[in-house]
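Survey of secondary and tertiary structure
The primary structure of each chain is shown beneath.
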Amino acid sequence: MKKVVLVTGANSGIGLALCDRLLSQHSESLQLCLACRNMQRAQSARSTLLLSHPTAQVSLLQMDTSSICSVISAAREVKLRYKRLDYVYLNAGIMPNPHFDSRAFFRGLFSSNAISMFATGEGILIQKDEVTDDGLQQVFATNLFGHFLLLRELEPVLCQSGQTSQVIWTSSSNAHRSAFSLEDVQHRNGSQPYSSSKYASDLLSLALNTHFNQQGLYSSVICPGFVKTKLTYGILPSLPTFFWTLLMLIFWLIRLFTNTFTLTPHNGAEALIWLFNQKPESLDPQAKYHSLTSALGRNYTQPRKMDVDLETSEALYRNLLQLQSEVQKSLNWEEK
């Protein structure tokens, strides 16, 4: 039987590159479902994929991970379409346009932390979050909670006797423990919502393995490295083209000294593809699998221990279960 693969945020960037690479290697053995917020862009992405892989099975699913109703509706549709899911790539995410601290940038440019600053944005980006119609912090809802709710709704097709399924999160090198707080999991009171949400996804992946490995569900986390995507351009949207050209030259030079500058979505999807070809039972639940690119352009994957612990991951899991109960009660009340 063909393996069923669901990819969120599949219409551009790393998500689209992943889909293209999956079809390049396994076109005849996959049913690929692109879960996207904007269906016009999703149709365009599907057309692009079918142009290169005309015999592929590629379907679309409308889903906005920042919306509780959208996620629940999408999950119901998935359960109607498929009897099982083999892979769920939780790739959708947003980074709010941050305030760029130019002084910190130029100070860091000539310091020993220059490469880390470019790779993670730490110290130079201050973000302002918004609130969704459901009353949740937008980055938290989009990057983490919407995906958590999706998995909870899809348990019947993910956890089946005799079947192994994989959940794979697109995390970030910007996932810092210092940005996360159990007392403020939505990051209402901080200025690093993206970092907080990505660290939370690292914790949640560990908790999922604790709770669901015995049911055949395994969770892993990847870091795509520093990739030039719409998120990257969103950091400095007002800069002229020549400045971006200069920055890209700097990035290519930096890649001579570090393997984390993957730069292209194709390269950034390396760890996602690598995990597709592994037995999930053999993977380390406390490792983040990094997409890396050598100075000569060779792509490879390397596991690195995450800064996570079982106690905090379990506490986050309980918090999310409680929040799920609250929002669903609210939703049921509104429906009545």
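For the structure, check the block above.
Report follows, based on the coordinates.

Helix and strand counts for the chain stand at 13 helices and 10 strands. Across the 336 residues of the chain, 56% fall into the buried class. Taking all contacts inside the chain whose residues are at least 6 apart in sequence as the whole, residues at least 24 apart take part in 74%. Summed over all atoms, the accessible surface of the chain reaches about 15,500 Å², with 52% contributed by carbon and sulfur.

In this section: the packing of aromatic side chains. Tallying each qualifying case throughout the model produces 8 aromatic pairs. Seen in terms of ring centroids, Phe 180 and Tyr 199 are 5.6 Å apart; in terms of plane orientation they differ by 50°. Their pairing is tilted. Here the residue Phe 180 occupies a position in the loop between β7 (165–170) and α8 (193–212), and Tyr 199 occupies one in helix α8, the gap between them amounting to 19 residues. Of the aromatic side chains, those joined through ring pairs into one cluster are Phe 140, Phe 145, Phe 148 and Tyr 317.

Another point: the pairing of strand β2 (residues 30–36). One face of the sheet, then the other: side chains in a regular strand alternate in exactly this way. Across the 7 residues that make up β2, a large majority, 6, are buried. Strand direction decides the pairing type here: strand β1 (residues 3–8) and β2, joined by 6 bridges, are parallel. Bridge assignment links Leu 6 to a residue of β2, and that residue is Cys 33. One crossover worth recording links β1 to the parallel β2 by way of helix α1 (residues 13–26), and it is right-handed. Bridge analysis of β2 against strand β3 (residues 57–62) gives 6 bridges, and the strand direction is parallel. Looking at the pairing, Ala 35 lines up with Leu 61 of β3. Each parallel crossover has a hand, and for β2 linked through helix α2 (residues 39–52) to β3 it is right-handed.

What follows is about the side chain of Asp 64. Its place among the elements puts Asp 64 in the loop between β3 and α3 (68–81). Buried within the structure, Asp 64 lacks any salt-bridge partner; Arg 37 is the closest side chain of opposite charge, at an N-O distance of 4.9 Å. The contact partners of Asp 64, leaving out residues within four places of it in the chain, are Arg 37, Ser 70 and Val 71.

Another point: the packing of α1 against α2. Between α1 and α2, the least distance of the axes is 10 Å, while the angle of their chain directions is 25°. Comparing the axis directions of α1 and α2 gives the class roughly parallel. Two packed elements cross with a definite hand, and for α1 against α2 that hand is right-handed. From α1, Leu 16, Cys 19, Asp 20 and Leu 23 reach across to α2, where they touch Ala 45, Leu 49 and Ser 52.

This part covers the sheet that holds strand β10 (residues 299–305). Taken together, the 8 strands give an open sheet; going across it, the order is β3-β2-β1-β4-β7-β8-β9-β10, and neighbouring strands pair in mixed fashion. Each edge of the sheet is formed by a strand with only one pairing partner; in this case those strands are β3 and β10. Averaged over all adjacent pairs, the angle separating strand axes in this sheet is 25°, with direction ignored. Pairing of strand β8 (residues 217–223) with strand β9 (residues 287–293), which is carried by 3 bridges, proceeds in the parallel orientation. Note on β9: the bridge partner recorded for Val 221 is Lys 288.

Here the focus is unusual backbone geometry. Its identity as a non-glycine residue notwithstanding, His 187 has a phi of 60°, on the positive side. Its location among the elements puts His 187 in the loop between β7 and α8. The phi torsion at Leu 263 lies on the positive side, around 70°, for a residue other than glycine. Of note, Leu 263 is situated in the loop between α10 (241–254) and α11 (265–268).

Conventions used here
- Residues numbered from 1 in each chain as written.
- Predicted model: local features only at pLDDT ≥ 70, side-chain atom pairs only at ≥ 80, totals over all residues.
- Heavy atoms only, no water.
- Helix = DSSP H or I, 4+ residues; strand = E, 2+ residues; numbered from the N terminus.
- Buried < 20%, exposed > 50% of the residue type's maximum accessible area, 1.4 Å probe, protein only.
- Contact = heavy atoms within 4.5 Å.
- Areas by Shrake-Rupley, 256 points an atom, 1.4 Å probe, with all protein chains shown as cover.
- Phe/Tyr/Trp six-rings, centres within 6.5 Å; stacked < 30°, edge-to-face > 60°.
- Pairing = 2+ DSSP bridges.
- Right-handed = clockwise from strand over helix to strand, strands pointing away.
- Lys, Arg positive; Asp, Glu negative; His and termini not counted.
- Salt bridge = Lys/Arg side-chain N within 4 Å of Asp/Glu carboxyl O.
- Axes fitted to C-alpha atoms, helices over the stretch in contact; angles between N-to-C directions.
- Parallel < 35°, antiparallel > 145°, perpendicular 65-115°, else oblique.
- Left-handed = near helix turned anticlockwise from the far one by under 90°.

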